[in-house]
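Chain and residue survey
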Amino acid sequence: MAEEEKIGCARPTGGPVGEPPQEEEKEPKISEKEKKTMIMVGKKAPDFSAPAYNKGKFTSSKLSDYLGKWVVLCFYPGDFTFV
Amino acid sequence: MSVDSVFVHKMWNDNELSKMVKGGVPFPMLSDAGGKVGTVYGIYDQDAGVETRGRFLIDPDGIVQGFEVLTPPVGRNVGETLRQVQAFQLVRNSKGSEAAPSGWKPGKMTLKPGPELVGKVWEVWKTEMAFD
């Protein structure tokens, strides 16, 4: 049953267990306000606040707290990914 | 920043990254469950449910000066990121009177854009300077 498979993403098959898939649901809910923000060089970055692990403590970071400093903001696919 | 929780961040830092970097990660490891921030920055892959390798340089006024986005299997060049920060800092400190030409790095010549330089870049800047 649980064969070794290429690592991929989990996703619902589209129906309740033991029943055929139902019609696909529409794109989920990202509010219009969130959608509108577009990144452009020369324009302000979208502000955010996020939970953080910082030098042994659980804290929270807000981008606007870093005004006055240079910021390198890096996204990555996941902890323990390889590169 | 990734979609992982701060608990996983702690595990990754304490069990692996701290073995690569003495003292562990020196900056906040941010958690973006659901990819909401990543979506606003345009780098969240909704199908995969993870964030791609987006990197944004934000200046002291909160203005995005540059960004780069890679798909997951290729890592970044941190030296290039630092070079870009140094170049933008130089331009900012000169209040825009200097510009960093292709291949610039600290110690190399800058250009002073203005009417006298139009059509004369070839005299002061050589193509070899685009490379190390």
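Refer to the structure presented above.
Described below are features of the structure shown in this document. What you are looking at is a predicted structure, and each value in this text was computed from that prediction instead of being measured.

1. Describing the overall build of chain A
Looking only at helices and strands, chain A has one helix and three strands in total. Overall, chain A shows an N-to-C arrangement of helices and strands of α-β-β-β. Taking all 83 residues of chain A together, 20% fall into the buried category. For chain A, the accessible area works out to roughly 7,300 Å², and carbon and sulfur atoms hold 56% of it.

2. Considerations on the interface of chain B and chain A
Listed by partner, the interface residues are 60 residues for chain B and 42 residues for chain A. The junction of chain B with chain A conceals about 4,600 Å² of combined surface from both sides, 65% of it contributed by carbon and sulfur atoms. In this structure, the connection of chain B to chain A is made through zero salt bridges. Our count for the chain B to chain A interface comes out at 17 residue pairs in polar contact (both at pLDDT 80 or more). Put simply, the parts of the chain that give the side of chain B that touches chain A at least two residues each are helix 1 (6–20), strand 1 (29–30), helix 2 (36–40), strand 3 (50–51), strand 4 (53–58), strand 5 (64–70) and helix 3 (78–93) of chain B. Among the elements that line the side of chain B that touches chain A, the one with the most residues is helix 1 of chain B, at 10 residues.

3. What to know about the sheet that holds strand 2 (residues 57–62) of chain A
In space, the three strands of this open sheet follow the order 2(A)-1(A)-1(B), with antiparallel pairing throughout. In this open sheet, the two edge strands, each paired with only one partner strand, are strand 2 of chain A together with strand 1 of chain B. Across six bridges, the pairing between strand 1 (residues 49–54) of chain A and strand 2 of chain A is antiparallel. Note that in strand 2 of chain A the partner of Asn 54 of chain A across the bridge is Lys 57 of chain A. Sitting on the sheet, helix 1 of chain B touches strand 1 and strand 2 of chain A together with strand 1 of chain B, and the angle it makes with strand 1 of chain A is about 30°.

4. Here we look at unusual backbone geometry
Of note, Phe 80 of chain A is a non-glycine position whose phi angle comes to about 70°, a positive value. Looking at where Phe 80 of chain A falls in the secondary structure, it is placed in the segment after strand 3 (71–74). Classification of Phe 80 of chain A by relative accessible area gives partly exposed; the value is 37%. Within the chain, Lys 95 of chain B stands out as a residue other than glycine whose phi angle is a positive 55°. Residue placement: Lys 95 of chain B occurs in the loop between helix 3 and helix 4 (121–124). We classify Lys 95 of chain B as exposed; its relative accessible area is 77%.

5. Points about the environment of Val 50 of chain B
Among the structural elements, Val 50 of chain B can be located in strand 3. As for Val 50 of chain B and Ser 2 of chain B, which are separated by 48 residues in sequence, their C-alpha atoms are 7.3 Å apart.

6. Here's the deal with the side chain of Ser 31 of chain B
Topologically, Ser 31 of chain B is positioned in the loop between strand 1 and helix 2. A polar side-chain atom of Ser 31 of chain B sits 2.7 Å from the main-chain carbonyl oxygen of Asp 4 of chain B. Leaving out residues up to four positions away in the same chain, Ser 31 of chain B has contacts with Ala 50 and Pro 51 of chain A together with Ser 2, Asp 4, Ser 5, Val 6 and His 9 of chain B.

7. Some remarks on the packing of aromatic side chains
In the structure shown here, the tally under the stated rule is nine aromatic pairs over all chains. Both rings, one in Tyr 76 of chain A and one in Trp 12 of chain B, keep their centres 5.6 Å apart while their planes meet at 45°; by these two values the pair is tilted. One end of the pair, Tyr 76 of chain A, is in the segment after strand 3; the other, Trp 12 of chain B, is in helix 1, on a second chain. Ring-pair connections join several aromatic residues into one group, and the members of that group are Phe 48 and Phe 75 of chain A together with Tyr 41, Phe 56 and Phe 67 of chain B.

What counts as what
- Residues numbered from 1 in each chain as written.
- Chains lettered and ligands numbered in written order.
- Predicted model: local features only at pLDDT ≥ 70, side-chain atom pairs only at ≥ 80, totals over all residues.
- Heavy atoms only, no water.
- Helix = DSSP H or I, 4+ residues; strand = E, 2+ residues; numbered from the N terminus.
- Buried < 20%, exposed > 50% of the residue type's maximum accessible area, 1.4 Å probe, protein only.
- Areas by Shrake-Rupley, 256 points an atom, 1.4 Å probe, with all protein chains shown as cover.
- Contact = heavy atoms within 4.5 Å.
- Buried area = accessible area lost by both parts, 1.4 Å probe.
- Salt bridge = Lys/Arg side-chain N within 4 Å of Asp/Glu carboxyl O.
- Polar contact = N/O pair within 3.5 Å; in protein donor to acceptor, adjacent residues only side chain to side chain.
- Pairing = 2+ DSSP bridges.
- Axes fitted to C-alpha atoms, helices over the stretch in contact; angles between N-to-C directions.
- Phe/Tyr/Trp six-rings, centres within 6.5 Å; stacked < 30°, edge-to-face > 60°.

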